[in-house]
Amino acid sequence: MLAIMAQVLARLPAVAAPPVVPPVVDEAEQVVQDGEDAHVARNPSYLKVMDHMQKLGTKFFSGGSKPVEADQWIDRIGRNFKSIRCPLAYKKDIAVHYLDGDAHTWWRGVAARIGEDQCTWANFKAEFRAKYFPPEAFDQLEGAFLRLEQGSMSVREYEVEFNSLKKYAGREAESEISLVRKFMRGLRVDLRTRCKIRNYDTVAELVEKAAEQEAGISEEAKVFGSVAHVHPGKHAGKNQKVV
């Protein structure tokens, strides 16, 4: 009987071994899409990322009461992170490294309040803006943009101030045409009159036209300003005859 069972078992096909399942790759952190191809990327070391940040000229922030400087700093450090492809896990710690003085003391207090597990890059940005760039500061800068006029500035200086404030413009910056109209309204009357003879699709186009007209006005002032104008009945010299 045993011999018969052995013969039957020998004729049965061999059972295949279970397939080996490869470990699942954490796509969120390791797989990088590059066009149609995908490859696994290794995170650079923390010190290497820090070295890149230093080479980009990342500045320290020490606090203060100037919201524009705070907004520029947090914006710049975010752009630097993007430029060097900084891993998310490093961002908060690197940002804290670039805090100095009162700003660093402030963050130590925040970290103690919210707890280490909540000290993320997203929470860092939220806490930073609440402290150094609150909604009231945004409202003030929006008002400064709406009131902005060229005044005694040159066209180029006016453009620089205009560009630095337009990010706070709200609805005024919803379209390029709206910005063109705002820039036009802020020009000095003599330039605005000369520039209104045509339409402009972009602020850059209007700036170039206004700068051209400004240079022309300056040249005219040099030429005609050196000629002595004598008005009848006024400022006439003793030997001058009024016709």
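Keep in mind that what you see is a predicted model, and the values were worked out from it rather than measured. (Residues numbered from 1 in each chain as written. Predicted model: local features only at pLDDT ≥ 70, side-chain atom pairs only at ≥ 80, totals over all residues. Heavy atoms only, no water.)

K.L.:
How would you explain the overall build of the protein chain if you had to name every residue and give the values?
P.N.:
Within the protein chain, the regular secondary structure consists of 12 helices and two strands. Burial status across the protein chain gives 27% buried among its 243 residues. Of all intrachain contacts in the protein chain linking residues separated by at least 6 positions in sequence, the fraction that spans at least 24 positions is 58%. (Helix = DSSP H or I, 4+ residues; strand = E, 2+ residues; numbered from the N terminus. Buried < 20%, exposed > 50% of the residue type's maximum accessible area, 1.4 Å probe, protein only. Contact = heavy atoms within 4.5 Å.)

K.L.:
So, helix H5 (residues 88-97): which residues are in play, and what are the values?
P.N.:
Within the sequence span of H5, burial applies to Tyr90, Lys91, Lys92, Ile94, Ala95 and Val96. Looking at the buried residues of H5, the elements they touch are helix H3 (46-55), helix H4 (67-83), helix H6 (101-114) and helix H7 (121-132).

K.L.:
Lay out the confidence of the model for the protein chain with the relevant residues and their values.
P.N.:
Mean pLDDT over the protein chain: 81, with 75% of residues reaching 70 or higher. Predicted confidence is poor over residues 15-39, with pLDDT under 50, and the contacts of this stretch with residues over four places away or in other chains come to 17 contacts. Here residues 227-243 is a poorly scored stretch, pLDDT under 50, and it has eight contacts once near neighbours within four places are set aside; other chains count. (pLDDT = per-residue confidence, 0-100.)

K.L.:
Describe the packing of aromatic side chains, with residues and values.
P.N.:
This model, assessed by the stated rule, comprises 21 aromatic pairs. Over the face of the ring belonging to Tyr132 we find Lys131, whose NZ or CZ atom lies 5.9 Å from the ring centre. (Phe/Tyr/Trp six-rings, centres within 6.5 Å; stacked < 30°, edge-to-face > 60°. Lys NZ or Arg CZ within 6 Å of the ring centre and 35° of its normal.)

K.L.:
So what's going on with the side chain of Gln150? Which residues, and what values?
P.N.:
Locating Gln150 in the fold gives a position in the loop between helix H8 (135-147) and helix H9 (155-165). On the basis of relative accessible area, Gln150 is assigned to the buried category, the value being 1%.

K.L.:
Explain the layout of surface pockets to me, using residue names and the numbers behind them.
P.N.:
Estimated volume of the second largest pocket: approximately 240 Å³. Leu56, Gly57, Thr58, Lys59, Phe60, Phe61, Glu69, Gln72, Trp73, Arg76, Ile77 and Asn80 together form the lining of the second largest pocket. For the lining of the second largest pocket, the per-class residue count stands at five nonpolar, four polar and three charged. (1 Å grid on protein atoms, 1.4 Å probe; cavity = no way out; pocket = protein on both sides within 12 Å on 5 of 7 lines; lining within 4 Å. Points joined across faces, edges and corners; volume = space filled by probe spheres on them. Nonpolar A, V, L, I, M, F, W, Y, C, P; charged D, E, K, R; others polar.)

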